[in-house]
Amino acid sequence: MMFKRSILLFLTLASLYSCQKEKEPIRIDSNAIHIANDKITEIMVHDIFSPPVASRVYSYTNIAAYEVMAQFSEEYNSLAGQLTGLEPVPSPASDDINPEIAALIAFYDIGRNLLFSEEKLLISTDSLYNSWEKQDPLTFKASREYGLQVAAHIKAWMKKDNYAETRTMPKFSVYSEEDSRWQPTPPTYMDAIEPHWGKMRPFVIKSDQFTPVPPPPFSLEPGSAFHSELMEVYELRKLMEEEGDDGEMVQIARFWDCNPYVTVLKGHLMFATKKITPGGHWMGIAKIASRKSGADFNRSIYAYTKTSIAIADAFISCWDEKYRSNLVRPETLINKYIDDSWTSVLQTPPFPEYTSGHSVVSAAAAIALTNIFGTDFSFEDDTEVIYGLPIRDFTSFQHASEEAARSRLYGGIHFRSAVEIGMDQGQQLGSYVVSKLDMYKKTPAPVASN
């Protein structure tokens, strides 16, 4: 009798065991890192981050995720020793770590440290973390611990980039009787933003490595190079008025505006029209390219990270020149000497003119993306549909960067030299960055341009 009961118990337990499903691992695809970057962009638009500061957020968040990923991948190299001052991150000490979860936790933890509206990020991450913990508590705990460990390492490195020091430096002095010097522009006459950004620690370049040639000598003498460029901006606006709002030049200018400081005056009311930054637009293009190419989680992080590093260094280099040359904007001179009723298509952003930030940044980002996805990578750019702008088609990243640069001339906010020399500056810088970063083991790095 006892024997029969033992057999019955054994069969019952065996049956129950066989009916139990093996625990499903937490599965995370590339969409998770796209959502993470989109969330960062959304919050920075809400908080009105300046373009240079936004580039810092994109770079550190993605570097943190990349460094976690690289510890578990045979295809990608760590950036330790490749980025200025970055030491190797701690090695994973548990076999229970899910690399994707750890990478995302590192990303979000850096984001929380850098964003103003931290609570907006917490709402998203708390829900996400709870779902992972319910699925597999052991894996989540190990992954979370490692992600936070890497994030702490990145934060310690981040604190040495001179950002905190630039917060205490004096405001930019605009008082000058010289017409050549930048002056605040309407409608709000904002102070110049981030006058000390050129003092930030770069990721790959040396601070003064890609200093461009000076702009044409300032002169209001008809026939001089500078005056000719000034008149080009003035006359181009009249031509665009004849073409109307549906004209191609107006459409290009508005598509690439990417100015988070646009203000609208209606009677006694003044409010901001919140927009994406130039860096944010190119991070959006990185997402488009990753999705179109079928990039997996790791390759998508790789694309975001390399692109964000090129963008961040481009802002440092460009802003260094802006406050060295301290050149006046077209609007100021045209209103004072040519036509006091003239207005530009785009609202003039609050910082000196030379070189064109969008030109430098777009060229650098295009070089990075071309290095990842190839030369003839066509795509539909729907990055700013959410802001009411249409989709535009491009045959390559280079094509998009050239149009972005021209948009500044069409918008009436830059002279031709700032656009063309800015493109050269960005291309040289971008080529140097991708030549120095040995990230993807299967592809040899291209030769630097200088």
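What you see is a predicted model; the values in this text were computed from it and never measured. Within any chain, residue numbers begin from 1 and follow the written order of that chain's sequence. Predicted model: local features are reported for residues with pLDDT of at least 70 only, side-chain atom pairs are reported and counted for 80 or more only, and whole-chain, interface and lining totals are derived from all residues. No hydrogens and no water enter the side-chain calculation; it runs on all heavy atoms of the structure.

**Q** Break down the overall build of the chain for me, citing the residues and quoting the values.
**A** Helix and strand definitions here come from DSSP, where helices need a minimum of 4 consecutive H or I residues and strands a minimum of 2 consecutive E residues; each element is numbered from the N-terminal end. Counting secondary structure elements, the chain contains 15 helices and four strands. In terms of overall dimensions, the chain has C-alpha extents of about 115 × 45 × 45 Å along its principal axes. Pairs of residues are marked as contacts when any of their non-hydrogen atoms sit within 4.5 Å. Nonlocal contacts in the chain, meaning residues at least 24 apart in sequence, comprise 79% of its contacts between residues at least 6 apart. Carbon and sulfur atoms make up 53% of the accessible area of the chain, which totals about 20,300 Å². A residue counts as positive if it is Lys or Arg and as negative if it is Asp or Glu; His and the chain ends are not included. For the purpose of locating charges, the reference atoms are NZ of Lys, CZ of Arg, CG of Asp and CD of Glu. When the 43 positive and 58 negative side-chain charges of the chain are each reduced to one mean point, those points stand 8 Å apart. All accessible areas in this document rest on Shrake-Rupley with a 1.4 Å probe, and a residue is counted as covered only by the protein chains that are shown.

**Q** Explain the packing of aromatic side chains to me, and be specific about the residues and the numbers.
**A** Between the rings of Phe, Tyr and Trp (Trp by its six-membered ring), a pair exists once the centres lie within 6.5 Å; its type follows the angle of the planes, with under 30 degrees stacked, over 60 edge-to-face, and the other angles tilted. Counted under the stated rule, the structure contains 29 aromatic pairs. Between Tyr-129 and Phe-140, the ring centres sit 6.0 Å apart and the planes meet at 50°, which makes this aromatic pair tilted. Of this pair, Tyr-129 sits in helix H5 (residues 118-135) while Phe-140 sits in helix H6 (residues 137-158); the two residues are eleven residues apart in sequence, bridging distant segments of the chain. There is no split in this pair, since Tyr-129 and Phe-140 are both buried. On the basis of an interplanar angle of 50° and a centroid distance of 4.7 Å, the ring pair of Trp-319 and Phe-351 is categorised as tilted. Taken together, the residues Trp-319 in helix H11 (residues 297-325) and Phe-351 in the loop between helix H12 (330-338) and helix H13 (357-373) connect sequence positions 32 residues apart. Here Trp-319 matches Phe-351 in class, with each residue buried. To sort residues, take the accessible area from a 1.4 Å probe on protein chains only and compare it with the maximum for the residue type: under 20% means buried, over 50% means exposed, and anything in between is partly exposed.

**Q** Can you tell me about the side chain of Lys-306, naming the residues and giving the values?
**A** Considering the arrangement of structural elements, one finds Lys-306 in helix H11. Although buried, Lys-306 forms no salt bridge, and the nearest oppositely charged side chain, Asp-438, lies 8.0 Å from it. Dropping the residues within four chain positions of it, Lys-306 is found in contact with Ala-368, Asn-371, Ile-372, Val-434, Leu-437 and Met-439. Think of a salt bridge as a Lys or Arg side-chain nitrogen and an Asp or Glu carboxyl oxygen that are within 4 Å of each other.

**Q** Describe the side chain of Asp-161, naming the residues involved and giving the relevant values.
**A** You can see Asp-161 is positioned in the loop between H6 and helix H7 (163-167). Its relative accessible area of 1% is what places Asp-161 among the buried residues. Polar contact criterion, stated in full: a pair of N or O atoms within 3.5 Å, where within protein one must be able to donate a hydrogen and the other to accept it, and residues adjacent in sequence count only if both atoms are side-chain atoms. One polar contact links Asp-161 to Arg-56, side chain to side chain, over a distance of 2.8 Å.

**Q** So what's going on with the confidence of the model for the chain? Residues and values would help.
**A** The predicted model of the chain has a mean per-residue pLDDT of 92, with 91% of residues at 70 or higher. The score called pLDDT rates the predictor's confidence residue by residue, from a low of 0 to a high of 100. Long-range and interchain partners of residues 8-21, a stretch whose pLDDT sits below 50, account for zero contacts in this model, where long-range means more than four residues apart. Scored below 50 in pLDDT, residues 444-450 shows 14 contacts in the model against residues more than four places distant or in partner chains.

**Q** Can you explain helix H10 (residues 278-293)? Please cite residues and give values.
**A** When the terminal C-alpha atoms of H10 are compared, their 23 Å separation across 16 residues agrees well with the 22 Å that a helix rising 1.5 Å per residue should span. Among the 16 residues of H10, 13 are classified as buried, and the element is accordingly described as predominantly covered. Multiplying 1.5 Å by the helix residue count minus one yields the expected span of that helix.

**Q** Kindly report on H11, identifying the contributing residues and their values.
**A** Compared with the 42 Å implied by 1.5 Å per residue over 29 residues, the 42 Å span of H11 between its first and last C-alpha is a close match. With respect to burial, H11 is a largely interior element, 27 of its 29 residues being buried. A distance of 3.3 Å separates the backbone nitrogen of Asn-298 from a side-chain oxygen at the start of H11, and that oxygen is part of Asp-296. The first or second residue beyond H11 is Asn-326, which carries a positive phi of 50°.

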